[in-house]
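Descriptive analysis of the structure
Below, each chain spelled out in residue letters.
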Amino acid sequence: MHPALVLDGLTKRYGDRTAVDALTAEIPQGAVTGFIGPNGAGKTTTMAMLLGLVAPTAGDGRVLGEPLRAPARYLHRVGALLEGPALWPGLTGRQNLRVLAELGRRDSDRIDEVLALVGLADRADDRFGRYSLGMKQRLGVAAALLGDPELLILDEPTNGLDPAGIREMRRLIAAIAGQSRTVLISSHILSELEHVCDWLMVIDGGRLVYTGPVAGFVTHAIRIALAPLRPDDLSALADVVAGRAPHCERAGDRLVVHGDGAEPRALAAELVRAALHGGVDLAEIHIERPTLETTYLDRLDAR
């Protein structure tokens, strides 16, 4: 089985500015991959090269086993939604998909199927211009699915959506992933990616920071935050905790203890006992488990 995507030194320069710098990575077939990085990291340029919209300056790659520099050989197997759907506001959702199917020589028999998948079957005959932003995004995904693609590329599919729209998009991506497609999603809402992705590709300044399973990127070191009932007791709390957990730091009116591999609940109980024994009453204690977002931000801060 070939990887769905192989990037080998992929590079794009615009004059003296390097947007993507010798990017080398692989994404397995069937993976739902979160493609993350700060603004200007090169994500959109990378996706544009995968879709044949931008020619690489150097390097190469393969998409679904075909040469990246020959997009005509694989684009019929790829669906994409970049920067929101550009559809006709005066046409209904169904009419928009029918036009796109005809223009792209796609099977129009799939229109009802994809409308049902994105949850628009009951609004298919409403004009696109009357759709909410979330509905427009979902119709854009439906359009990308018309060709029954093996690879789906989504650039910021939740951009501008309210919490309900974000939740609907998350459900949709999970449903698409359940159909054994390879999905590449660029998004700044990392908490949502963590719900649906099993693979990550992280870039910064056009360069690869990490590629691999989500579990391999997210740190396993927990933190326990404690706050004394009386703020003046913070120094005393630090003293009594130091004997049990040498790696701790002050964060405002709290003390943050780094677990360093300890069992979280056992360590929390030990810290409570230490505080009580030292005469410090606690107003707050909670375990902070690492997330994709916190790990990502910690790595950015460490640059």
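Residues numbered from 1 in each chain as written. Predicted model: local features only at pLDDT ≥ 70, side-chain atom pairs only at ≥ 80, totals over all residues. Heavy atoms only, no water.

Attention now moves to the overall build of the protein chain. Of the regular secondary structure elements, the protein chain holds ten helices and 14 strands. The proportion of buried residues among the 303 residues of the protein chain is 44%. The long-range share in the protein chain, meaning contacts at least 24 apart out of those at least 6 apart in sequence, stands at 68%. Roughly 14700 Å² of accessible area belongs to the protein chain as shown, and the carbon and sulfur atoms make up 49% of that amount. Each charge class in the protein chain can be summarised by its mean position, and for the 33 positive and 39 negative side chains these summaries are 5 Å apart. (Helix = DSSP H or I, 4+ residues; strand = E, 2+ residues; numbered from the N terminus. Buried < 20%, exposed > 50% of the residue type's maximum accessible area, 1.4 Å probe, protein only. Contact = heavy atoms within 4.5 Å. Areas by Shrake-Rupley, 256 points an atom, 1.4 Å probe, with all protein chains shown as cover. Lys, Arg positive; Asp, Glu negative; His and termini not counted. Charge placed at Lys NZ, Arg CZ, Asp CG, Glu CD.)

Under the 1.5 Å per step criterion, the end-to-end length of helix H9 (residues 264–277) is 20 Å for 14 residues, consistent within 8% with the ideal 20 Å. Pro264, Leu267, Ala268, Leu271, Ala274 and Ala275 are the residues of H9 that are buried. Within H9, the buried residues cover an arc of 125° as seen down the axis, which keeps them to one side. Turned more than 90 degrees away from the buried face of H9 sit Arg265, Arg273, Leu276 and His277, all of them exposed. Where the residues of H9 are buried, they touch strand S11 (223–228), helix H8 (234–242), strand S13 (254–258) and strand S14 (282–288). One side-chain oxygen at the N-terminal end of H9 lies 3.1 Å from the backbone nitrogen of arginine 265; it belongs to glutamate 263. Directly beyond the C-terminal end of H9, a positive phi value near 80° is found at glycine 279. (Expected span 1.5 Å × (residues − 1). Arc of directions from axis to C-beta. Polar contact = N/O pair within 3.5 Å; in protein donor to acceptor, adjacent residues only side chain to side chain.)

Across the protein chain, the average pLDDT comes to 90, with 97% of residues at or above 70. No element of the protein chain has a lower mean pLDDT than helix H10 (residues 292–301), which averages 81, and none a higher one than strand S1 (residues 5–14), which averages 97. (pLDDT = per-residue confidence, 0-100.)

Before going further, it helps to examine the packing of aromatic side chains. Applying the stated criterion across every chain, the model contains two aromatic pairs. Arranged with centres 5.9 Å apart and planes meeting at 65°, the rings of phenylalanine 128 and tyrosine 131 form a pair that is edge-to-face. Using a relative accessible area of 5% as the deciding quantity, one classes phenylalanine 128 as buried. Taken together, a centroid distance of 5.2 Å and an interplanar angle of 45° make the contact between tyrosine 210 and phenylalanine 217 tilted. Each member of the pair, tyrosine 210 together with phenylalanine 217, is buried. Positioned above the aromatic ring of tyrosine 14 is the side chain of lysine 12, whose terminal nitrogen or guanidinium carbon lies 5.2 Å from the ring centre. Here the guanidinium or amino end of lysine 136 rests over the ring plane of phenylalanine 128, the centre of that ring lying 5.5 Å away. (Phe/Tyr/Trp six-rings, centres within 6.5 Å; stacked < 30°, edge-to-face > 60°. Lys NZ or Arg CZ within 6 Å of the ring centre and 35° of its normal.)

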